[in-house]
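# Understanding the architecture of this molecule
Residue strings, one per chain:
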Amino acid sequence: MLLEARELSVSFGGIKAVDSISFAVEPGEIFTIIGPNGAGKTTIFNLVSRIYNPTGGEIVFDGRPITRVPPQAIARMGIARTFQNIELFDHASVIDNLLVGCHIRSRTNLLADMLFLPVVQRQEETFRRKVEEIIEFLELEHHREATIGSLAYGIRKVVEIGRALALEPKLLLLDEPSSGLNPEETDDMVHWIRDIRDDLGVTIIMVEHDMSLVRRVSDRVLAMESGRIIALGAPDAVVSDPQVVRAYLGD
Amino acid sequence: MVQFLQQVISGVSIGCVYALIALGFVLIYKATETVNFAIGELMMIGAFLGFTFIVIWSLPLWLAAIIAISATALLAAMLERVFLRPMVGEPAFAILVVTIGLGFCLRAAALMVPEWSSETVRIFTPLSGSVVRLGPIVISADHAAVIVATALIVTGFFVFFKRTRMGLAMQAVSQSQLAATYMGVRTRSVSTLAWLLAGAITAVAGLLLAPIAFIHVNMGVLGLKAIPAAIIGGFSSLPGAIVGGILLGVCESLAGFYLPAGFSEVAAYILVLVVLTIRPEGLFGETIHKRV
Amino acid sequence: MRYVLRTSYRQDTRLFKEGLPQYGWYLVWLALALVAPLFLGVHLVSQLTFILIFAIAGIGYQILLGYTGLLSLGQAAFLAIGAYACVFLEKQGLHFALALPAAALLTGVVGAVLGLPALRLKGLYLAMATMAIGFIVEEVAARWTFVTGGNSGASVPRIEAFGYVLSRDVPFYFLCLALCIASLWFAANILRSPTGRAMAAVRDSDIAAQSIGVEVAQVKTKAFALSAFFTGIAGALMAHKLSFISPEQFTLHLSIELLLMILIGGIGSLRGVVFGAAFLVAMPELIAEIERMLPGGSQPALRPMAFGLLLVLVMLFEPRGINGLVEKITGYFRLMPLYRKGMFARQRGFAKSERW
């Protein structure tokens, strides 16, 4: 098991956003969480990346409990994520956004940085090489030097995934990778998600609304409604499950 | 004990002035998300307009007050229209800098009026010199008037917000500008109205301050204390602004009496640092988490 | 926008990515700065010295505001701490060559400590907290007479080296020039290294910075410490240039002047800091010129008016300051035949309303 949630719960102001949820994700899996708005999908992401504190239950990653790990330490353990509404560094270039993704591997201190010692120089070159690999992998060559603010929404989404990959994570959390993309870009996204798993060996958990994308890439799907699991299993079975259909369409 | 109460009451009356300015500050913030650093200068202009009409033109007190208050309110509304409307959509930081700049301009404008810039002045009212006795405690009538006037104005404000259409619209805008627009609230006129009201209320603060303290061109710094007051109260809470202002006044007054020299000048700032360290959301505020 | 032809990754880590032409321009400026005292009178050299001192303070501010996105309205406090610490240490018998770095380090430590309550604060709250610190430091400077000399001020001892007294004119100018260039180099290095990128990450989205493993609190503390360090150096130099210091030199007004300097020069750019410093020193001179031409003589309103209007106009029309203008103009000439109207138009972020 790469990630395991055991009876995970969180409530906000008395409302249980996530109610005693348990699931386990295998290494190398593409695991998708679906459910209507407000079902608690992003909340699970925020729990795993430790932005929220669970009110009950436990999260185990790679054999270690991470329920009390501070949020900024999560990245170092090998979990990277993207955000629903894209949280990039808008005033910086694509290269810089990817470079900052290498931050956790930085071994230099403030003084060395200030003097730009040869150590820093060598480290910069290693980071730069890594960034170039990602640029090539995600076909971002044309946008290398563009400021994020000047890029189209679809490209920003890819850059954000690139930044997460720069962490060299074991687990990647993708929050609605296809939202705001046109059908063509969504097709590309399908390929990238598969490539990330197949070529880089990164396990992926994703929250997604686009059922065609879900069916095309997921190994397993977990369906949620008001903080509880209503179905878990193979994509086709879950998507056509009567309870899931009812959750989406209403009674 | 009598000494202590005496200090507390004089603190409350100064605090009322802070509270009024803080009220104007929070009003603008809630309606437009603008942090207005020019609020102290608006108060200064209000006070000097009052001084001009009362002392130089010798108008009756009530008439002078009405003209001064409306003129300041119009000035504030004009500032919003000309300088802040084009800034809609800019980062909050840029807007804050614009208000700092406007504060400087207002001060410069006051410096250009010879009768204003030459000296520190004081407005004398019919109440000046007389006192109110509450048992052993003696309060000057001017101080008492400040407290009474503030209580009246604050009550008026709460009625306005709870009962009138415009007040409700302003509340809606302060919750969510976008949602309010969709519900048919004209957010633009709401911003102007917020500035108008804030201008009026700070002018009142200036007029109330004039009989109990000297007024001078640099008194805007005093108005700046409204910002700590607002922060102590929770920043986006109108009752909080009033409590914060009064608390600040009392602390200053007590620090001036019981602590070594220098503490009363910075009491407001020490207090705000303490509040920010212990409870950054203020006394009445709530923490807002960014959704991701 | 100019594309740089790259031949190696190493090239990307260089200070001047465009190579020789860029080096060339900076060398010309350096040469001009070196020979300036030969041609200029005492007054102008002294003004140049002030530009250098303000530039060092501006570097400190730029690290905090431009790179890390933390708005401080209490920079004058750091100047004051640097100035008073240096003078006090010298009066205790420490030589200037040691007192200056000691004062700067002390200011840096104070900055880091003062930054602690600021870690949880954002936007206006931070501006307010730093402003409060500014007022408190000003009051302390006025009351702690043993160290500061109180409201009557303190005279600054002259710098001596090898039996000679260092003049406050030309030699001091070169000292400031060296320190300013060193500070610029340090700041530029920080910018192109992991520390600088972490700062930019915190500025643009602290939640994303956290998600990629940036220790947000640590980065903010570093930014405060560095900012205070550079500002402390500037404070110590300022004390020596002025030869007399008193609390009323370090008011909120000075903090706002520094803010104006950064905004006019160009936020987020080191070049902008130098432009801004030059502007800040030139403006009072210009106003004095104008006053001389006016019939009424001295006009106390002129200065705040110019100040206020500039703040408003810059934010309304050219938020990237002089540096932005320079980039536009050079960009225009580079792209001359291809230039289109609206190429440098600003983008507004209507979607993002940040509630402070």
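Per chain, residue numbering runs from 1 following the sequence as it is written. For naming, the first written chain is A and the first written ligand is 1, with later ones following in the order written. In keeping with the model being predicted, local features are shown solely for residues with a pLDDT of at least 70 and side-chain atom pairs are shown and tallied solely at 80 or more, while totals for entire chains, interfaces and linings include all residues.

In this section: the domain arrangement of chain A. Residues and elements named next belong to chain A. Delimitation of the domains relies on an automatic or database domain assignment. Along its sequence, chain A is organised into domain 1 (1-78 + 169-251) and domain 2 (88-167). On a C-alpha basis, the centroid separation for the pair domain 1 and domain 2 is 26 Å. Between domain 1 and domain 2, the residue contacts involve 11 residues of the former and 9 residues of the latter. Helix and strand definitions follow DSSP, with helices as H or I runs of at least four residues and strands as E runs of at least two, each counted in order from the N terminus. Listed by contribution, the elements that provide at least two residues to the side of domain 1 that touches domain 2 are α2 (71-77) and α7 (183-200). Residues are sorted three ways: Asp, Glu, Lys and Arg are charged, Ala, Val, Leu, Ile, Met, Phe, Trp, Tyr, Cys and Pro are nonpolar, and all the rest, Gly among them, are polar. Classifying every residue of the side of domain 1 that touches domain 2 gives 8 nonpolar, 1 polar and 2 charged. By definition, residue pairs are in contact when their C-beta atoms, positioned from the backbone, come within 7 Å.

In this section: the sheet that holds strand β10 (residues 228-233) of chain A. Residue and element names in this part refer to chain A. Strands sit in the order β6-β7-β8-β3-β9-β10 across an open sheet of 6 strands; the sheet is mixed. At either margin of the open sheet sits one strand with a lone partner, and together these are β6 (79-81) and β10. Pairwise comparison of adjacent strand axes, ignoring direction, gives a mean angle of 20° for this sheet. The sheet contact formed by strand β7 (residues 171-175) and strand β8 (residues 203-207) spans 5 bridges and is parallel. Bridging from a neighbouring strand, L171 pairs with T203 of β8. Packed on one face of the sheet, α7 meets β3 (30-34), β7 and β8 and runs near 155° to β8. Across the face of the sheet, helix α10 (residues 242-249) comes into contact with β9 (220-225) and β10 while running at roughly 130° to β10. By the convention used here, strands pair only if DSSP detects at least 2 bridges between them. Axes here refer to lines fitted to C-alpha atoms; in helices the fit is confined to the stretch in contact. Angles between the N-to-C directions go from 0 to 180 degrees.

Let's shift gears to the packing of helix α7 (residues 165-175) of chain B against helix α9 (residues 187-212) of chain B. For any two helices packed against each other, one specifies the crossing angle of their axes together with the interaxial distance. All names here are of chain B. Contact geometry for α7 and α9: axes closest at 10 Å, N-to-C directions at 105°. Relative to α9, the element α7 lies roughly perpendicular. For the pair formed by α7 and α9, the contact residues are M166, A169, M170 and V173 on the first element and T187, V190, L193 and A194 on the second. Relative orientations are named as follows: roughly parallel for angles under 35 degrees, roughly antiparallel for angles over 145 degrees, roughly perpendicular for angles from 65 to 115 degrees, and oblique for any other angle.

Next up on the list: unusual backbone geometry. Phi is positive for I86 of chain A, close to 60°, though the residue is something other than glycine. Topologically, I86 of chain A is positioned in the loop between β6 and α3 (94-101). Its 18 C-beta neighbours within 10 Å are what place I86 of chain A among the partly exposed residues. With a phi angle near 50°, S58 of chain B is a residue other than glycine that sits in the positive phi range. Position of S58 of chain B among the secondary structure elements: in the loop between α2 (39-56) and α3 (61-84). Classification of S58 of chain B as exposed rests on a count of 8 C-beta atoms within 10 Å. Comment: burial labels come from other C-beta atoms within 10 Å of the residue's own C-beta, placed from the backbone, where a count of 20 or more is buried, 12 or fewer is exposed, and between is partly exposed.

To continue, consider the interface of chain C and chain A. If you look at the interface, chain C gives 27 residues, while chain A gives 35 residues. At the level of elements, α1 (9-12), α8 (170-191), α9 (194-204), α10 (206-211) and α11 (216-242) of chain C are the ones that each hand at least two residues to the side of chain C that touches chain A. Per element, the largest residue contribution to the side of chain C that touches chain A is 7 residues, and it comes from α9 of chain C. Among the residues making up the side of chain C that touches chain A, the classes are represented as 12 nonpolar, 9 polar and 6 charged.

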